[in-house]
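Summary of the model geometry
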Amino acid sequence: MSEMGARGVVVGHGTLAMGMVDAVRRIAGIDEDALVALSNEGKSPDALRDELARIVGTGSVVVFTDMHAGSCAVAARVACRSGGQRAVVCGVNLPMLIEFAFHRSDPLEELVPRLVEQGRSTITAHLPHADPPISG
Amino acid sequence: MPILLFRVDERLIHGQVVIGWGSQLHPDRYVVVDDDLAGSEWEQDLYRLTVGDGNEVSFLRVEQARQRVLEWMSSDERTMLLTRDLDSMLRLARNRLLDGKSVNLGGIHHGKGRKMVRSYLYLDDADRGCVRALDEEGVCVVGRDLPGSLKVGLADLLEE
């Protein structure tokens, strides 16, 4: 792991990843190199895997995908298959990425469960006249 | 129940197939016909993650699939059949095995020598040759990424 911590890659459909990374930078001020976005738009499976593998590189990396399955998730699992300090987290949301921005220096073994918990716990819904709110 | 969808898509089982088409067609089974994937268990596991527990996913070589197509067509189970390239679908269709069926081209992406037909569909000379050959085998070939999209007919697919 670098002195600053793990790097993050968000992989998603269309412009979702770009929008999320842009939002995290605006909220948490994370460095450009520390969290990058990748879209599957117009890319064959091989092209997406190759580009993701290039971005993942070496070192400690968390790859976030929008869905738990599909072309982005498949590419992420292939890119991280060789093991090492790599993790795939599916179902990314903004609170999860902000948590990553502030805690990416933690060891992956502690960081990843923390991200999943943050992502789940910040999903809530409020129905009219219902109490308490529905939460993840 | 006939096979609900024959589709050529480089991504094989992915969101557009499972959510876009699956929510309309409600398949019980996905059959992936691919000579390489049929021998790669770890890659098969990746694709199995995409579908729910209630769906069966099979990976077969083209020759194996040719032995099973008629069985699937007459089965009560609803099947969606996928290949990741046109050549595999053509080999499956040889000797008019898919005569009268429709094959959906749902995702062939940009590559060297390929010309854009639609944003999700790029074809080169070899691809167009496969489309022509499928047509000669009695198969109706259409481009269409999602159920709500307009179909792309043979003339547009073959335009160079």
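Report on the accompanying structure. (Residues numbered from 1 in each chain as written. Chains lettered and ligands numbered in written order. Predicted model: local features only at pLDDT ≥ 70, side-chain atom pairs only at ≥ 80, totals over all residues. Heavy atoms only, no water.)

Describing the pattern of salt bridges
Which entries qualify depends on this criterion: Take a side-chain nitrogen of Lys or Arg and a carboxyl oxygen of Asp or Glu: if they are within 4 Å of each other, that pair is a salt bridge. Secondary structure elements follow DSSP: runs of H or I of four or more residues count as helices, runs of E of two or more count as strands, with numbering from the N terminus. Each residue is placed in one exposure class: buried if its accessible area under a 1.4 Å probe, protein chains only, is under 20% of its type's maximum, exposed if it is over 50%, and partly exposed if it falls in between.
Counted by the stated rule, this structure contains 20 salt bridges over all chains. Salt-bridge contacts for B:Arg96 lead to B:Asp99; the nearest nitrogen and oxygen are separated by 3.3 Å. Residue B:Asp127 pairs with B:Arg114 through a salt bridge whose shortest N-O separation is 3.0 Å. Of this pair, B:Asp127 sits in helix H5 (residues 125-136) while B:Arg114 sits in the loop between strand E5 (102-107) and strand E6 (115-118), and the two are 13 residues apart along the sequence. Residue B:Asp127 is classed as buried on the basis of its relative accessible area, which comes to 8%. Salt bridges sharing partners connect three or more residues here, namely A:Glu99, A:Asp106 and A:Arg114.

Observations regarding helix H1 (residues 16-28) of chain A
All names here are of chain A. Here is the rule we go by: For a helix, the expected span equals 1.5 Å multiplied by the residue count minus one. Taking the helix axis as origin, the arc is that swept by the directions to the C-beta atoms. Contacts are residue-level and defined by heavy atoms, with any inter-residue pair within 4.5 Å sufficient.
The first and last C-alpha atoms of H1 sit 18 Å apart over 13 residues, in line with the 18 Å expected at 1.5 Å per residue. Taken as a whole, H1 has its buried residues at Ala17, Met20, Val21, Ala23, Val24 and Ala28. All buried residues of H1 lie within an arc of 160° about the axis, which places them on one face of the element. Looking at the buried side of H1, the elements it contacts are strand E1 (7-12), strand E2 (35-39) and helix H4 (94-103). Looking at the residues trailing H1, positive phi occurs at Gly29, about 65°.

A look at the nonpolar core
Short version of the rule: Residue types Ala, Val, Leu, Ile, Met, Phe, Trp, Tyr and Cys, when buried and joined through side-chain atoms within 4.5 Å, form a set referred to as a nonpolar core.
B:Leu81, B:Leu86, B:Met89, B:Leu98, B:Leu105 and B:Leu157 are the most contacted members of the largest nonpolar core, which totals 34 residues. If sequence neighbours within four positions are ignored, B:Met89 has contacts with B:Phe6, B:Arg7, B:Val8, B:Leu81, B:Thr83, B:Leu98, B:Val103 and B:Leu134. Listed in part, the 23 residues of the second largest apolar core include A:Ala6, A:Phe64, A:Val92 and A:Leu108.

Here's the deal with unusual backbone geometry
Most peptide bonds adopt trans geometry, and most residues besides glycine take a negative phi value. Despite not being glycine, B:Asn95 shows a phi value in the positive range, around 60°. With respect to the helices, strands and loops of the structure, B:Asn95 is situated in the loop between helix H4 (86-93) and E5.

A word on the interface of chain B and chain A
Interfaces are frequently sized by the accessible area removed from exposure as the parts join. The criterion, for reference: Buried area: the accessible surface (1.4 Å probe) lost by two parts on joining, summed over both.
In this complex, chain B contributes 13 residues to the contact, which on the side of chain A involves 14 residues. Across the chain B/chain A interface, buried area totals approximately 1200 Å², and carbon plus sulfur atoms make up 66% of it. It is B:Trp42, B:Leu46 and B:Leu49 that lose the most area in chain B upon contact with chain A, and together they represent 39% of the buried surface on that side. The tally of links between chain B and chain A comes to one salt bridge. Note that B:Glu43 and A:Arg49 form a salt bridge whose closest N and O atoms lie 3.7 Å from each other. When contributions to the side of chain B that touches chain A are tallied by element, the ones reaching two or more residues are helix H1 (15-25) and helix H2 (41-48) of chain B. At four residues, the largest contribution of residues to the side of chain B that touches chain A is made by H2(B).

Some remarks on the packing of aromatic side chains
Both the distance between ring centres and the angle between the ring planes are used here to describe each pair of aromatic rings. Applicable threshold: The aromatic pairing rule takes the rings of Phe, Tyr and Trp, using the six-membered ring of Trp, and pairs them if the centres are within 6.5 Å, calling planes under 30 degrees apart stacked, those over 60 edge-to-face and the rest tilted. Any Lys NZ or Arg CZ found within 6 Å of a ring centre and within 35 degrees of that ring's normal is scored as a charge over the ring.
Inspection of the entire model under this criterion finds two aromatic pairs over all chains. For the pair A:Phe64 and A:Phe100, a centre-to-centre distance of 5.4 Å together with 80° between the ring planes defines the contact as edge-to-face. Of this pair, A:Phe64 sits in strand E3 (residues 61-65) while A:Phe100 sits in helix H4, and the two are 36 residues apart along the sequence. Across the pair, exposure class does not vary: A:Phe64 and A:Phe100 are buried alike. Relative to B:Phe59, the ring of B:Tyr47 has its centre 6.5 Å away and its plane inclined at 50°; by these criteria the two rings are tilted. Within this pair, whereas B:Tyr47 is found in helix H2, its partner B:Phe59 is found in strand E3 (residues 56-60), the two being separated by 12 residues in sequence. For the pair formed by B:Tyr47 and B:Phe59, the shared burial category is buried. Over the ring of B:Trp42 we find A:Arg81, and its NZ or CZ is 3.6 Å from the ring centre.

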